[in-house]
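Overview (structure and organization)
The chain contents come next:
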Amino acid sequence: MWPAFLALIGLDGVIGTLLPPAGGSWSFVGAALFGCFANLLAIVVLSVPLRAVLRRRRPDLPKVVAMDYSGTIVMALISGLLLLAGVIHRPRMQAEEHAMADAVTRAQAFIGARAPGRFRRNVMFVSTFTIEAGSVYRMCVPSVDRAQTYCVIVRRRLPFARSVIFDGYESNAVFGAGVN
């Protein structure tokens, strides 16, 4: 069971990194730690009842061997559930990435057309603050000397021509500090 434990923790790290089951992204270490704790919890809680089922079906099986089998099965189920959750969550992540890219495009078009020249030169350096995931974002672009920012609010649900409005010169760092 313990070699499988180590291998499945590594697999959970890979699965969590490539297909995070929640949020935007997971680091390998974070996903592996999640897998480690989920596996330990599953071994403690679920492997004992599964061991009893295995021993009823095969009375000749020693307790230790039944425990190894049940622990390995439970850990494989945890990895499978992590994979399933990641696959189910993937379309939502892709939709949010598409929404963010669309919002950045709208903000860059607005800033490139209407902002003062000192901001237009940095239109490719967009700082984003998510107000409502998938629909409302605050985007800022620094001035050439980085002393000020030009900020807009992007509302994706509105038609393109009316979806972006100027929102002042307060940076997203300052804006975000007031929100959190």
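Please refer to the structure placed before this passage.
The present account deals with the structure reproduced in this document.

Conventions used here
Residues numbered from 1 in each chain as written. Predicted model: local features only at pLDDT ≥ 70, side-chain atom pairs only at ≥ 80, totals over all residues. Heavy atoms only, no water. Helix = DSSP H or I, 4+ residues; strand = E, 2+ residues; numbered from the N terminus. Rg over C-alpha atoms; globule rule 2.2 N^0.38 Å. Buried < 20%, exposed > 50% of the residue type's maximum accessible area, 1.4 Å probe, protein only. Contact = heavy atoms within 4.5 Å. Areas by Shrake-Rupley, 256 points an atom, 1.4 Å probe, with all protein chains shown as cover. Lys, Arg positive; Asp, Glu negative; His and termini not counted. Charge placed at Lys NZ, Arg CZ, Asp CG, Glu CD. Salt bridge = Lys/Arg side-chain N within 4 Å of Asp/Glu carboxyl O.

1. What to know about the overall build of the protein chain
Looking only at helices and strands, the protein chain has five helices and four strands in total. Reading the protein chain from its N end, one meets helices and strands in the order α-α-α-α-β-β-β-β-α. At 25 Å, the protein chain has a C-alpha radius of gyration far larger than the 16 Å of a compact globule built from 180 residues. Dimensions of the protein chain, computed from C-alpha atoms along their principal axes, come out at roughly 80 × 30 × 25 Å. Sorting the 180 residues of the protein chain into buried and exposed places 34% on the buried side. For the protein chain, the proportion of contacts with a sequence separation of at least 24, taken over those separated by at least 6, is 50%. Accessible surface computed for the protein chain: about 10400 Å², of which carbon and sulfur atoms make up 66%. Of the charged side chains in the protein chain, 19 are positive and 10 negative; the average position of the first set lies 3 Å away from that of the second.

2. A word on the environment of Val-64
Here Val-64 shows up in helix α3 (residues 63-114). Relative accessible area serves as the criterion here: at 60%, Val-64 is assigned to the exposed category. Between the C-alpha atoms of Val-64 and Val-45, which are 19 residues apart in sequence, the distance is 16 Å.

3. Focus: the pattern of salt bridges
Going through the model one piece at a time under the given rule, you end up with six salt bridges. The partner of Arg-156 in a salt bridge is Asp-102, and the shortest N-O contact between them spans 2.8 Å. Of the two residues, Arg-156 is situated in the loop between β3 (149-155) and β4 (164-166) and Asp-102 in helix α3; the sequence distance between them amounts to 54 residues. When its relative accessible area of 18% is taken as the criterion, Asp-102 is described as buried. For Glu-132, the salt bridge identified is with Arg-157, shortest N-O distance 3.4 Å.

So yeah, pure geometry; function would need other evidence.
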